[in-house]
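Working through the structure, step by step
The lines below spell out each chain.
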Amino acid sequence: MSCNNTDFCVSSTGTATQAFTSALQYILAAQCLITEELPPNSEVKDSDEFNFIIVGGGSAGLVVANRLTEHEKWTVLLLEAGNDPPAESYIPQFNGGLFGSTYDWQYQTVATGFTNNANLNGTVHWPRGKMLGGSSSMNGMIYFKGHSHDYQNWYNSGNKEWHPERVRKYFKKAESLQDQNLLKDPEIRDNYGHDGPLIINTFNSTLRVFTNKILKSFEEIGINPVKDLNTANLVGSGIFRSTAFNGKRGSTVATYLTQLQNRKNFKLLKNALVTKILLNDRLEAYGVKVVVNGTTLKLLASLEVILSAGTINTPQLLMLSGVGPKDHLESRNITCKVNLPGVGQSLQDHLIIPVPIFGNETTLPYEGYRPLDTLRYLINRTGPLAQNSFTDIVAFFSKNKNATRPEFQTHVQIFNRNSSRGLAYFSSIYKPTIVESFLEQNRNYTLFLFLFNLLHPESTGNISLNSKNPNDHPLIYANYFADSTDLEATAEGIKVLTKLVNTTYFKSINGFLSRYDWPVCNNFELDSTDYWKCISVNMVLTIFHPVGTSKMGLNSNDSVVDSRLRVHKIKKLRVIDASVMPTITSGNTNGPTIMIAELGSDLIKEDNSG
Ligand SMILES: Cc1cc2nc3c(=O)[nH]c(=O)nc-3n(C[C@H](O)[C@H](O)[C@H](O)COP(=O)(O)OP(=O)(O)OC[C@H]3O[C@@H](n4cnc5c(N)ncnc54)[C@H](O)[C@@H]3O)c2cc1C
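What you see is a predicted model; the values in this text were computed from it and never measured.

Here we take up the state of the cysteines. Counted according to the given criterion, the structure contains one disulfide. Covalent S-S linkage joins cysteine 521 and cysteine 534, the inter-sulfur distance amounting to 2.1 Å. One disulfide, between cysteine 521 and cysteine 534, carries an S-S torsion of -80 degrees and so falls in the left-handed class. With cysteine 521 in the loop between β24 (512-513) and α17 (529-539) and cysteine 534 in helix α17, this residue pair connects regions lying 13 residues apart in the sequence. Both residues of the pair, cysteine 521 and cysteine 534, belong to the buried class.

Encoded structure:
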């Protein structure tokens with residue numbers, strides 16, 4: 001249908017046609033308001049010098065860029081391998097829509113044969129954002145700050161900058177809590193910051209009736225609902241806070257970058273893949289080699305180079321630059337400039353096991369969104385598109401009900417009967433027999449999929465180079481369940497969760513646990529410890545929280561940066577991103593990464609204020 005008035009399918013004297021045309025124009029214009037207008041590439045020439053060069057404009061990198069450019073005399077260049085985020089990044093419902101696209105680095109773990117035999121290719125997809133905002137531009141927008149004990153552990157192992165009280169101050173510096181209901185509660189109000197760039201809010205879920213029923217079920221099995229899990233130090237269940245506002249994602253682009261983009265001392269290059277850190281004979285970092293739209297440039301930093309390329313790319317870049325385990329570098333024909341055995345090691349991640357409870361729930365709303373929902377979103381940013389694609393509740397729990405630091409977490413996904421989404425989810429990950437087990441039950445029943453997660457794994461993995469080519473994906477060994485205590489804990493934790501089938505709500509919908517058809521597990525009794533061990537090993541996935549590959553610590557034999565985030569044995573080089581975590585935090589890692597970047601930026605300011 002053309003917008004010329006004569007071509008409309010109704011006869012009109014003109015007034016109606018004009019009204020329809022202007023409505024269509026309004027809608028077309030409204031889509032342009034979804035994305036942010038971001039700065040174009042700065043004019044930068046070969047050998048240009050800046051005070052600071054930041055590699056990677058993700059969750060951490062944009063925070064650092066924002067904080068360093070507050071110092072008007074410093075020039076700061078941010079180099080980002082990706083481009084501006086697309087519309088799908090801003091619309092919360094499409095949070096999974098960037099997987100496998102050019103905005104995703106599309107990493108896969110190495111197939112070892114020990115785990116993941118039920119997964120396609122025996123591997124786990126590890127998406128990572130390749131765009132401004134990095135993974136904060138494609139994540140689930142869940143906001144947790146970790147548990148105070150997590151930071152106490154960091155501090156106790158010698159990282160003196162990271163006392164839980166100091167960490168708390170930097171979370172608050174980042175935050176601006178905007179949920180008006182929660183702000184009325186003095187304890188919650190006090191637990192958050194109010195003037196920071198990072199807007200913290202709550203989704204207005206269209207599934208609230210159902211999520212309330214599930215929260216009630218959690219309560220019946222002893223996981224009590226609380227008003228705000230961050231304030232309750234992650235004990236209990238509840239609605240999570242989200243990094244989204246006005247119906248849109250609040251990535252570090254929408255929060256930190258939009259604030260800083262007009263500062264004259266800020267320079268930006270997108271589509272800029274850094275391939276090497278330049279080190280002189282005194283082992284000082286003095287710049288980087290970067291490929292921008294096919295042209296290689298050497299860019300110089302007079303004060304510091306800061307690596308914020310994330311848990312996979314930061315160690316990759318260190319190793320490509322000759323910093324890492326000597327034997328490994330030599331095996332890839334790279335001259336070792338600094339032998340740091342810890343680079344790429346100590347990898348931790350939150351694994352997930354999808355635990356399926358089916359039930360006869362017939363009153364769920366339409367799954368996904370319809371054209372009217374799209375209109376509603378374009379007009380006032382509400383409805384299903386303004387919330388993420390899974391439910392906004394989680395539970396933290398332990399085997400011991402009195403534990404004050406949780407061992408496990410679960411997210412909850414609901415798939416209607418005959419769910420095309422469910423089918424897409426299972427068939428993009430698992431081999432056909434697993435998909436069949438889902439389809440068989442989902443024909444008649446709604447699926448409540450509990451994404452069980454082990455919060456403090458003992459197993460560690462590692463990242464190594466496949467080759468010295470910077471475009472080659474590094475090798476990711478996730479090593480889930482390499483330590484058998486993780487498998488034991490996972491199976492026990494899942495059995496706490498499966499008690500949900502006996503709660504009032506799930507009984508009312510004849511809820512039942514369903515077996516995955518995976519031959520080697522079929523001899524085990526459903527819901528037995530052995531059954532869950534078998535399923536866990538064969539079907540384990542990630543909830544996308546890799547950390548630790550440039551771990552902070554005192555000893556350069558096993559850690560990469562000191563507690564001021566300076567790379568051991570090298571001057572003027574820091575790492576500020578999720579890779580510096582000495583141990584993984586409880587809960588989702590975006591908030592802690594932003595906190596690290598806030599605190600790390602102040603460390604840079606302190607160390608360069610002379
Ligand atoms: C799909 C998904 C869902 C998630 N859901 C949540 C959630 O709901 N809540 C939560 O708290 N956490 C979540 N996380 C985890 C969280 O987003 C990450 O922990 C956090 O974003 C890590 O931040 P970072 O700065 O370390 O890395 P990133 O944000 O990934 O940033 C790294 C940046 O560096 C760039 N880069 C890499 N290499 C180079 C190079 N050589 N040259 C130039 N640039 C480079 C990348 O393109 C990227 O922009 C999720 C993650 C993913 C991937």
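Next, the rest of the story.
Within the secondary structure, serine 601 sits in helix α18 (residues 590-607). Owing to a relative accessible area of 0%, serine 601 belongs among the buried residues under this scheme. Only 2.6 Å separates the side chain of serine 601 from the backbone oxygen of alanine 597, close enough to count as a polar contact. Serine 601 has contacts with Val63, Val64, Arg67, Leu68 and Ile576, leaving out every residue within four places of it along the chain.

Among the nonpolar cores identified, the biggest contains 96 residues, and Leu79, Trp162 and Leu299 are the most heavily contacted of them. Sorting elements by how many residues they give to this core places α18 first, with seven residues. Built from parts of two domains, this core gets at least three residues from each of domain 2 (49-86 + 253-345 + 555-607) and domain 3 (206-239 + 351-454 + 481-539). For tryptophan 162, the contacting residues outside a window of four places in its chain are Tyr151, Trp154, Tyr155, Val167, Met552, Ser563, Leu565, Met595, Ile596, Leu599 and Leu603. Within the second largest apolar cluster, 73 residues are counted, among which are Ile353, Val412, Phe452 and Ile543.

With respect to burial, strand β13 (residues 272-279) is a largely interior element, seven of its eight residues being buried. Hairpin connection of β13 to strand β14 (residues 285-292): five residues between the antiparallel strands, including leucine 283 at a positive phi of 60 degrees.

In this section: the environment of leucine 599. Tracing the backbone through its elements, the reader meets leucine 599 in helix α18. Separated by 386 residues in the primary sequence, leucine 599 and lysine 213 place their C-alpha atoms 39 Å from one another.

With that settled, the discussion passes to the domain arrangement of the protein chain. Along its sequence, the protein chain is carved into domain 1 (1-32), domain 2 (49-86 + 253-345 + 555-607) and domain 3 (206-239 + 351-454 + 481-539). Taking only C-alpha atoms, the centre of domain 2 and the centre of domain 3 are 37 Å apart.

Each pair of packed helices can be summarised by the angle the axes make with each other and by the distance between the axes. Running from amino to carboxyl end, helix α4 (residues 148-156) crosses helix α5 (residues 164-174) at an angle of 125 degrees, the nearest separation of the two axes being 8 Å. Between α4 and α5, the angle falls in the class oblique. Helix-helix and strand crossings are classified by hand; for α4 and α5 the assignment is right-handed. Seen from α4, the contacting residues are Ser148, Tyr151, Gln152 and Tyr155; seen from α5, they are Pro164, Val167 and Phe171. Looking at the contact of α4 with α5 residue by residue, the classes come out as five nonpolar, two polar and no charged.

Bringing the pattern of salt bridges into the picture now. This model, assessed by the stated rule, comprises 28 salt bridges. One salt bridge in this structure joins glutamate 70 and lysine 605, with 2.7 Å as the shortest N-O distance. Taken together, the positions of glutamate 70 in the loop between α2 (59-68) and β2 (76-79) and lysine 605 in helix α18 put the pair 535 residues apart, joining distant regions of the chain. For glutamate 70, a relative accessible area of 36% translates into the label partly exposed. Salt-bridge contacts for arginine 166 lead to glutamate 161; the nearest nitrogen and oxygen are separated by 2.8 Å. The class of arginine 166 is partly exposed, set by a relative accessible area of 21%. Shared partners join several salt bridges into a network, and the residues in it are Glu161, Arg166, Glu304, Asp562, Arg564, Arg566, Arg574, Glu606 and Asp607.

Cut-offs applied
- Every chain is numbered independently, its residues counted from 1 as its sequence is written.
- Restriction of local features to residues with pLDDT of at least 70 applies here, the model being predicted, together with a cutoff of 80 or more for giving and counting side-chain atom pairs; totals for whole chains, interfaces and linings are based on all residues.
- Think of the side-chain values as coming from all heavy atoms in the structure, minus any hydrogens and water.
- Put simply, a disulfide is two cysteine sulfurs that come within 2.5 Å.
- By definition, any uninterrupted DSSP run of H or I lasting at least four residues is a helix, any uninterrupted run of E lasting at least two residues is a strand, and each is numbered from the N terminus.
- Per-residue accessibility, obtained with a 1.4 Å probe over protein chains only, is compared with the maximum for each type, and a residue is labelled buried under 20%, exposed over 50%, and partly exposed between these values.
- In protein, a polar contact requires one atom able to donate a hydrogen and another able to accept it; more generally it is a pair of N or O atoms within 3.5 Å, and residues adjacent in sequence count only if both atoms are side-chain atoms.
- Only heavy atoms matter for contacts: two residues are in contact if any of them lie within 4.5 Å across the pair.
- Here the nonpolar core consists of buried residues drawn from Ala, Val, Leu, Ile, Met, Phe, Trp, Tyr and Cys, with membership extended through side-chain atoms lying within 4.5 Å.
- The start and end points of each domain follow an automatic or database-based domain assignment.
- When DSSP finds two or more bridges between two strands, those strands count as paired.
- The angle between two axes is taken between their N-to-C directions and runs from 0 to 180 degrees, where each axis is a line fitted to C-alpha atoms and a helix contributes only its stretch in contact.
- When an angle is under 35 degrees it counts as roughly parallel; over 145 it counts as roughly antiparallel; between 65 and 115 it counts as roughly perpendicular; any other value is oblique.
- Handedness of a crossing follows from how the near helix is turned relative to the far one, being left-handed for an anticlockwise turn of less than a right angle and right-handed for a clockwise one.
- Following the grouping adopted for this structure description, the nonpolar residues are Ala, Val, Leu, Ile, Met, Phe, Trp, Tyr, Cys and Pro, the charged ones are Asp, Glu, Lys and Arg, and the polar ones are all others, Gly among them.
- Think of a salt bridge as a Lys or Arg side-chain nitrogen and an Asp or Glu carboxyl oxygen that are within 4 Å of each other.

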